Amino acid sequence: MKRYLLTLLTIPFFLAGCAQNPVPSGSNPPLSQAVDALDAFHWQLSDATDRRGNRLDAWFVQNEKPVRFDFKTDRFSVSNACNLINGTYLLNGNTVTFSNMISTRMLCTPPLNALEQKVTAQLQQPASINLYLSASPVMKLGFDDGTTLTFTGTPTAAIRYGNAGETIFMEIAANTIECDQNALTGKTCFQVRDVYYDNNGVITGTSAWRAFATNIEGYRHQEGTGHILRVKRYKVPNAPVPSSDAYILDMIVQ
């Protein structure tokens, strides 16, 4: 991951060059480069077709939140179905095999339940994998039953900010408050405090409450409802304010 991250940050023309000469269909980057590329992007489903090329609309239950694959070393996750699906994967040449799948157990609407079942059943089959490492990366998975899933890649936060980030826990109070520095504008801020856990996942303490004006990417606050969040905090390079950080939701703990 680190080697590929440095490649993206220090040689920006690499991807632009690939845009003119994408990886040919049926071939792939070297295995180590393919693993790095999978890790470096969030892969959102953009197309699904059967063996005749007909679009499979059942894969697109919620267009605003398409099915998303994420990879990390030898593990993968699938989100935006019903439950979060986790498992392991193995690359062998241009074949990928998914295994050891588990999922959370949340109740969802019938269409989302059906989508999760479809995803889980599809991943029981090995698939050919083709990566197009262009300025707009593309991943294609071709399954034995003729189904082809096409994904577009967007850089992960680690790629965007050039650092691995830090995992922290924050409690968001149920109600927002007026920001002190913006009292005249009426802008509201979160009330937050840091939450500290031991190695067994037991809360050992908290910080004092404070106003927090920074957006937390991926988190939508509902007034009157508080949460404890697991957040990734990234240093922002060349930020106008040296202490500026980016905050991205990793998980709602409770």
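Here is what the cut-offs are and how they apply
Residues numbered from 1 in each chain as written. Predicted model: local features only at pLDDT ≥ 70, side-chain atom pairs only at ≥ 80, totals over all residues. Heavy atoms only, no water. Core = buried A, V, L, I, M, F, W, Y, C linked by side-chain atoms within 4.5 Å. Buried < 20%, exposed > 50% of the residue type's maximum accessible area, 1.4 Å probe, protein only. Pairing = 2+ DSSP bridges. Helix = DSSP H or I, 4+ residues; strand = E, 2+ residues; numbered from the N terminus. Axes fitted to C-alpha atoms, helices over the stretch in contact; angles between N-to-C directions. Contact = heavy atoms within 4.5 Å. Expected span 1.5 Å × (residues − 1). Arc of directions from axis to C-beta. Disulfide = S-S within 2.5 Å.

Novice: What exactly am I supposed to notice about the nonpolar core here?
Specialist: Proteins that are soluble and globular tend to have nonpolar side chains buried together. Core analysis: the largest hydrophobic core is formed by 37 residues, its most contacted members being Leu38, Trp43, Phe69, Phe71, Phe98, Met139 and Leu141. Ranked by size, the runner-up nonpolar core spans eleven residues in total, among them Phe212, Tyr219, Val231 and Tyr247.

Novice: Help me understand the sheet that holds strand E7 (residues 138-143) in this model?
Specialist: Pairing is antiparallel in the closed barrel, where eight strands are placed in the order E1-E2-E3-E4-E5-E6-E7-E8. Taken pair by pair, the neighbouring strands of this sheet meet at an average axis angle of 35°, ignoring direction. Sheet topology places strand E4 (residues 85-92) next to strand E5 (residues 95-103); seven bridges connect them, and they run antiparallel. Residue pairing for E5: asparagine 92 is matched across the bridge by threonine 95. Each of strand E3 (75-79), E4, E5 and E7 touches helix H4 (residues 110-122); the most contacted strand, E4, lies at about 25° to it.

Novice: I keep staring at H4 and nothing clicks. Help me out?
Specialist: Helical geometry note: an α-helix holds 3.6 residues per turn, so side chains three or four residues apart project in the same direction. End to end, H4 covers 18 Å across 13 residues, agreeing with the expected 18 Å (1.5 Å per residue, within 8%). Listing the buried residues of H4 in full gives Leu112, Leu115, Glu116, Val119 and Gln122. Down the axis of H4, the sector holding all buried residues measures 135°, keeping them to one side. In H4, the exposed positions angled more than 90 degrees off the buried face are occupied by Pro110 and Gln117. Residues of H4 that are buried make contact with E3, E4, E5 and E7.

Novice: What should I look at first to understand the state of the cysteines in this one?
Specialist: Note on terminology: a disulfide is the covalent bond linking the sulfur atoms of two cysteines. Within the structure shown, the criterion is met by two disulfides. A disulfide bridge connects cysteine 82 with cysteine 108, and the sulfur atoms are separated by 2.0 Å. Handedness of the cysteine 82-cysteine 108 disulfide follows from its S-S torsion of about 90°: it is right-handed. In this pair, cysteine 82 is assigned in the loop between E3 and E4 and cysteine 108 in the loop between E5 and H4, connecting sequence segments 26 residues apart. Put simply, cysteine 179 and cysteine 189 are joined by a disulfide, and their sulfur atoms are 1.7 Å apart. For the disulfide bridge between cysteine 179 and cysteine 189, the dihedral angle about the S-S bond is near 110°, and by the sign convention the bridge is right-handed. Placement of cysteine 179 in the loop between strand E10 (177-178) and strand E11 (188-197) and of cysteine 189 in strand E11 is noted, with a sequence separation of ten residues between them. There is no split in this pair, since cysteine 179 and cysteine 189 are both buried. Sequence-ordered numbering of the bonded cysteines in the chain yields a pairing of 1-2, 3-4.

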